[in-house]
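Coordinate analysis (summary)
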Amino acid sequence: AKSLKVSRTPIRQALELLGKEGFVLQVPGRGFFVARVEAEEVPHLYDLRIAVEIHALESAIKKEITSEQIERLREINRKYENCGTILEGELIGVEGEDVRDRAEADHAFHLSLAELGGNPLICQKLEEIHERLKFRRRYDGYWYWTIKGDRAGIAAAQHRKVIEAIERNDSAAAVEALASHIR
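Residues numbered from 1 in each chain as written. Predicted model: local features only at pLDDT ≥ 70, side-chain atom pairs only at ≥ 80, totals over all residues. Heavy atoms only, no water.

Let us look at the overall build of the chain. Helix and strand content of the chain: seven helices and five strands. Element order for the chain, N to C, with α for helix and β for strand: α-β-β-α-α-β-β-α-α-β-α-α. The 183 residues of the chain split such that 39% are buried. Within the chain, residue pairs in contact and separated by at least 24 positions form 67% of the contacts whose partners lie at least 6 positions apart. Here the chain has roughly 11100 Å² of accessible surface; of this, 53% comes from carbon and sulfur atoms. (Helix = DSSP H or I, 4+ residues; strand = E, 2+ residues; numbered from the N terminus. Buried < 20%, exposed > 50% of the residue type's maximum accessible area, 1.4 Å probe, protein only. Contact = heavy atoms within 4.5 Å. Areas by Shrake-Rupley, 256 points an atom, 1.4 Å probe, with all protein chains shown as cover.)

So this is what it looks like as C-alpha cells:
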C-alpha cells in the first residue's frame, strides 16, 4: 500500500477478491501468497470449458448467427493463423512472443463464439476458466505451450471447421468440431 501510495483497504479488498478467484491464498496472521493452479486441475478446467462453450454455441446457433458475426470469427482466426513461422504459406511453428499472441487470439475466438450465445454469465465463466488456464501457462512458462510441426496448423483448421459448420447451420458438426478442438 505504501509503494502504491494508497490505503490498505483497497489492497486488502483486491487481494480478497483474488483469493475468491483462487489466484492468491490468505494465511491468517501471515498475509497473502500467490496460489498455484495444480496440474490436476487442468483437465477439470477443460471439461468445464467444453460444457460452457458447447452450451453457448448451441444457444448461438438457435439464434441464427449473422454473416457479419461469422466474418468476425474468420477475422480473429486469421490473426490466430498469422502468429507463428510460416514457410511456403504453411504454419510450421509458434515460438516466443507468437505463443502469447496466439493464445490471446485463441481466447478472443472462443470468447467471441460464446458471446454469440447472448448469455453474459456464460461469457464471464469462460473468462474465469481462461484466466485459470493462462495462470497455469505462466507457471509452466510459455515455452511449455510452444507448438511445432503439424499441431501448429491443426487448431486454426479446427476453428475453420467450427466456422464452416456454423455457416451451414449444422449444430451437430459445429459442436463436434468445437469439442474436438478443445480436447
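Turning our eyes to something else, we now look at the pairing of strand β1 (residues 24-27). Taken together, the four bridges between β1 and strand β2 (residues 31-34) define a ladder with antiparallel strand orientation. Looking at the pairing, Val-27 lines up with Gly-31 of β2. The turn linking β1 back onto β2 is made up of three residues, and Gly-29 within it adopts a positive phi angle of 80 degrees. (Pairing = 2+ DSSP bridges.)

Attention shifts here to the packing of aromatic side chains. Under the criterion given, the structure shown has zero aromatic pairs. Just above the ring of Tyr-80 sits the side chain of Arg-102; from NZ or CZ to the centre is 3.8 Å. (Phe/Tyr/Trp six-rings, centres within 6.5 Å; stacked < 30°, edge-to-face > 60°. Lys NZ or Arg CZ within 6 Å of the ring centre and 35° of its normal.)

Interpretation of this model should avoid reading the predicted coordinates in detail wherever pLDDT is low. Residues at a pLDDT of 70 or more form 84% of the chain, whose mean pLDDT is 84. Helix α7 (residues 171-182) holds the highest mean pLDDT among the elements of the chain, 94, whereas strand β5 (residues 147-148) holds the lowest, 52. (pLDDT = per-residue confidence, 0-100.)

It is worth spelling out the environment of Lys-79 at this point. Looking at where Lys-79 falls in the secondary structure, it is placed in helix α3 (residues 67-81). Among the residues examined, Lys-79 registers a relative accessible area of 48% and is labelled partly exposed. With 23 residues separating them in the primary sequence, Lys-79 and Arg-102 have C-alpha atoms 7.9 Å apart.

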